[in-house]
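# Chains, contacts and geometry: an overview
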Amino acid sequence: MPSLQRKPYYYYFSFVAAFCKGAHRQVCAPPLLVYAMSAAYRYSNHNRHHLQHQRHRLLLLTVLLAAAVVSASSGSSEAEILLRFSKSLSKNDAFSNWNPNVPPCDKKTDNNNWENVICENGFVFGLRLENKGLSGTIDVDALKDLANFRTISLINNNFEGPLPIMSKLAGLKTAYFSNNKFSGQIDNNVFEGMHWLKKLHIANNQFTGEVPSIFGQLPKLTELRLENNKFEGQLPDFNQERIMDMNFSNNSLMGPIPRGLSSLKPSSFEGNDLCDGPLSKCTSEPKIALWTIILVVIAVAAAIAAIIVVIVILRQRKQTPETEARSGAANNSPGGATHQKAPSADLDKMEQGQVVAPDRSPEGGKRPEQAQKIQFLKDDTEKFDLPDLLKASAEILGSGIFGSTYKAALSTGPVMVVKRFRQMNNVGKEDFHEHMRRLGRLSHNNLLPIVAFYYRKEEKLLVSEYVNNVSLAVHLHGNKSRGQPSLDWPARLKIVKGVAKGLLYLYNELPSLTAPHGHLKSSNVLLNESYEPLLTDYTLLPVVNLEHAQEHMIAYKSPEFKHSGRITRKTDVWTFGVLILEILTGKFPSNFLQQGKGSDTDLATWVQSVVNEDSSNVDVFEKDMRGTKNSEGEMMKLLKIGLSCCELDMDKRFDMKEAMDRIEEVKEREGDDDFYSSYASEADMRSSRGLSDDFSQVSLNI
């Protein structure tokens, strides 16, 4: 009978406990939980004669729980949490528009109402407080109340002392604390339990002690930047399956490099006393006893034998069903044979100009290989699927270092450009989808937006809208063969300013990327019908296979990578400087032709030598450039800006903001801010129709 008396409160307490442990744990006030526990215990011991009183008590507990839920609904809002967080930091304009009467995120448009706040799905997703001169205490106790908080960036500030206990933000995915004055040792508990952390940047600080062993135990960690600190001792073991980018250079580390880090570049360990891995072998290797070697050999041989036995058994079991399946398929197919096409084969046919017939299973459904949907990044794009692309009228536009590019005219009307990438198979599906969603949020007049993508392990497709013109490379180097006049000075200045605006936007929106574009060259700048530049192939460095990127992508042709094996935040500035010189001189950069092998006489070196001999020498400019009357001084000003962007000394090289400010000062004609050349309007009216086949095919070369 006691069990009958215990049932009502027993099940009620189970409900309360589950409710408080689950998604509503912030709803349950501790006093209510204590009261529920004590009440359940006291009244479970009454006999059956007090059942009436138990029902009254049960009703009372229900009323109290409902009251707690109502009171919790009036808890701290995201605005209150962020304002509480800001109070611990030095005051400046970083929080100037944080208005407590306006929510940080617009739940309808997903835009941020507060500066330096990152929003997703109408909630606060992260904070980007870079280059703000901030100091003080990072209040993680406040941030942990943000249920959707996933990223924080405090790069280039003045924070000092130890890191806060980041493990309080268990759901954090990316954290960027580089270029501050943090110091002291990092205990394991600072990052313990952060199973979702993927990227951690704490370079260029003053941390001491050993590298925390917890770094090697975070399962999703793929990026770790620790360079230019004062870490010492040996590196811990790293057990992650996929390591994308880790850098331990310029510390005081010593000893052998763990096996888990052996795939990294030697430059990731320079400035230490390390050995093994990609570096030279350690001189004093421990000797292994003979009996240990014998036991290992026996164990390996036994394991191999067991595997062979299992394989033989499995093959014997499957042989009969597979034979029957093959014979049945042969009998049911025309001519006694079947041929199941994969999307890759269809794409190959499409690139060759062949029509791809719709292929369906015997049940009338789509092929399993095509069941994966095309993922759309823009809501205002007409939706279609992979079979629609495969059936579209296709025209090959070019074939480059990553794959092929072709124009697909859908049967419903839209014309799309599809780029096929085969050098992205080292990135996982989750990371690729996350990176594509990041690109989908970008929106700028000088960026060609990626509207959709398709993921397979072996290859990826990126889809964008078709631009009815050709690339800047064609206009600079192919107009003569096309019978077209060369670009005039106003058009070239317009192109340079548009490219600068697009690059600066990428730098501002993607501060965590070292080289936000990474592959800037004239063939990756499209010109629309009004000769406004559109950047393409941007932000691919994080998803392209590293070995392929180092061999082909423009960021890896930079002087800093050539000499020190690394790229920096000013690498894109160098590629932009080369592009400016190419636009003004009409000469094709020699490092493009050298395919990264280097040249002592590249374009920047040649231009610098001409300017050094005579700073007013206009022979450096393309001779066929029109609209230059009374503009030579402004042209020379832009040329020198390009040279400053190509400085070998990175400390002297412009950053992107400084380059943009200098370019904005350049006018079409000296002393006339509102002058517009008649050639500019002529350029705007020129059409790309009637282009030769040769140059229409390179308009979108990768």
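Where an unreviewed UniProt entry is consulted, the protein chain appears under the name non-specific serine/threonine protein kinase, with the organism given as Nicotiana attenuata. Per UniProt, the protein chain carries the Subcellular location (unreviewed entry) text "Membrane". One UniProt comment on the protein chain, placed under Sequence similarities (unreviewed entry), says "Belongs to the protein kinase superfamily. Ser/Thr protein kinase family."

## Looking at the environment of Phe 95
Relative to the helices and strands, Phe 95 is located in the loop between α4 (78-86) and β1 (117-120). Phe 95 sits in the buried class, given a relative accessible area of 11%. Distance from Phe 95 to Asn 116, taken between C-alpha atoms, is 8.2 Å for residues 21 residues apart in sequence. The residues contacting Phe 95, other than those within four sequence positions of it, are Ser 86, Leu 89, Ser 90, Leu 129 and Leu 134.

## So, the UniProt feature "binding site: ATP" (unreviewed entry) in the protein chain
Under the UniProt annotation, the feature "binding site: ATP" (unreviewed entry) is placed at Lys 419. Within the secondary structure, Lys 419 sits in strand β17 (residues 415-421).

## Regarding unusual backbone geometry
If a residue is not glycine, its phi is most likely negative; likewise, a peptide bond is most likely trans. The phi angle at Asn 156 is positive, at roughly 60°, despite the residue not being glycine. Secondary-structure assignment places Asn 156 in the loop between β3 (151-153) and β4 (160-161). The exposure class assigned to Asn 156 is partly exposed, which follows from its relative accessible area of 32%.

## Considering the sheet that holds strand β12 (residues 252-256)
An order of β10-β12-β13 is seen for the three strands of this open sheet, with the pairing classed as parallel. The open sheet is flanked by β10 (232-233) and β13 (273-275), the only strands paired with a single partner.

## Examining the state of the cysteines
Counted by the stated rule, this structure contains two disulfides. Each disulfide pairs two cysteine sulfurs, and for Cys 105 the partner residue is Cys 119, the sulfurs being separated by 2.0 Å. Across the S-S bond linking Cys 105 and Cys 119, the dihedral sits near -85°, which makes this disulfide left-handed. With Cys 105 in the loop between α4 and β1 and Cys 119 in strand β1, this residue pair connects regions lying 14 residues apart in the sequence. A disulfide bridge connects Cys 275 with Cys 282, and the sulfur atoms are separated by 1.8 Å. Because the torsion about its S-S bond is 85°, the bridge between Cys 275 and Cys 282 counts as right-handed. When sorted by exposure, Cys 275 lands in the same class as Cys 282, which is buried. Its sulfur unpaired, Cys 646 is 6.7 Å from the next cysteine sulfur, which belongs to Cys 645.

## A word on the packing of helix α12 (residues 489-509) against helix α19 (residues 656-664)
Across the interface, α12 lies against α19 with an axial gap of 10 Å and an inter-helix angle of 155°. By the angle class used here, α12 and α19 are roughly antiparallel. In this structure, the crossing between α12 and α19 has a hand that is left-handed. Counting all contacts with α12, which are made through Val 496, Lys 497, Ala 500, Lys 501, Leu 503, Leu 504 and Tyr 507, the residues of α19 involved are Met 656, Lys 657, Met 660, Ile 663 and Glu 664. Looking at the contact of α12 with α19 residue by residue, the classes come out as eight nonpolar, no polar and four charged.

## Description of a nonpolar patch on the surface
A contiguous nonpolar surface patch, about 480 Å² in accessible area, is contributed by Leu 290, Ile 293, Ile 294, Val 297 and Ile 298. Its location among the elements puts Ile 294 in helix α6 (residues 290-332).

## Details of the side chain of His 519
With respect to the helices, strands and loops of the structure, His 519 is situated in the loop between α12 and β20 (525-527). With residues near it in sequence (within four places) discarded, His 519 still touches Ile 401, Phe 402, Asn 524, Asp 537, His 552, Met 553 and Ile 554.

## Some details on the sheet that holds strand β6 (residues 181-184)
Taken in spatial order, the three strands make up an open sheet running β4-β6-β8, and their pairing is parallel. The two strands at the open ends of the sheet, each matched to only one other strand, are β4 and β8 (206-207). Alignment of β6 against β8, held across two bridges, turns out to be parallel. Looking at the pairing, Gly 184 lines up with Phe 207 of β8.

## Remarks on the pairing of strand β15 (residues 393-399)
Looking at chain direction, β15 and strand β16 (residues 404-409) are connected through six bridges and run antiparallel. Counterpart to Ser 393 in the pairing with β16 is Ala 409. Where β15 folds back onto β16 in an antiparallel hairpin, the turn is made up of four residues.

## With respect to helix α18 (residues 632-645)
Residue pairs three or four apart in sequence face the same way in an α-helix, which turns once every 3.6 residues. Helix length check: α18 (14 residues) gives 20 Å between terminal C-alpha atoms against 20 Å at 1.5 Å per residue, within 8%. Of the residues making up α18, those classed as buried are Glu 634, Met 635, Met 636, Leu 638, Leu 639, Ile 641, Gly 642, Leu 643 and Cys 645. Considering only its buried residues, α18 is in contact with α12, α15 (571-585), α17 (603-613) and α19.

What counts and how
The numbering scheme is per chain: residues are counted from 1 as the chain's sequence reads. Selection of residues for local features in this predicted model requires a pLDDT of at least 70, selection of side-chain atom pairs for listing and counting requires 80 or more, and totals for whole chains, interfaces and linings are taken over all residues. Side-chain numbers here rest on the full set of heavy atoms in the structure, without hydrogens or water. UniProt positions are given in the numbering used here, feature names are shortened, and annotations may be inferred rather than shown by experiment. Helix numbering and strand numbering both begin at the N terminus, where a helix is a DSSP run of H or I of at least 4 residues and a strand a DSSP run of E of at least 2. The classification of residues rests on relative accessible area computed with a 1.4 Å probe and restricted to protein chains. Under 20% of the type maximum is buried, over 50% is exposed, and intermediate values are partly exposed. The contact definition used throughout considers only heavy atoms, calling two residues in contact when any of these lie within 4.5 Å. Strand pairing is assigned whenever DSSP identifies at least 2 bridges connecting the two strands. We call a pair of cysteine sulfur atoms a disulfide whenever their separation is within 2.5 Å. Comment: axis = line fitted to C-alpha atoms, over the contacting stretch for helices; angle = value between 0 and 180 degrees taken between N-to-C directions. Any angle that falls under 35 degrees is termed roughly parallel, while one over 145 is termed roughly antiparallel, one within 65 to 115 roughly perpendicular, and all others oblique. When the near helix sits turned anticlockwise from the far one by under a right angle, the crossing is termed left-handed; a clockwise turn instead gives a right-handed crossing. Any residue outside Ala, Val, Leu, Ile, Met, Phe, Trp, Tyr, Cys, Pro, Asp, Glu, Lys and Arg is labelled polar, Gly included; the first ten of those are nonpolar and the last four are charged. Each patch is built from residues that are more than 30% exposed by relative accessible area and take part in no salt bridge. Like charges join if they lie within 9 Å; nonpolar side chains (Val, Leu, Ile, Met, Phe, Trp, Tyr) join within 5 Å. Methods summary: accessible areas were calculated by the Shrake-Rupley approach with a probe of 1.4 Å, and residue burial reflects only the protein chains presented. Just to be clear on terms, a salt bridge is a Lys or Arg side-chain nitrogen sitting within 4 Å of an Asp or Glu carboxyl oxygen. Helices are assigned an expected span. That span is 1.5 Å times one less than the residue count.

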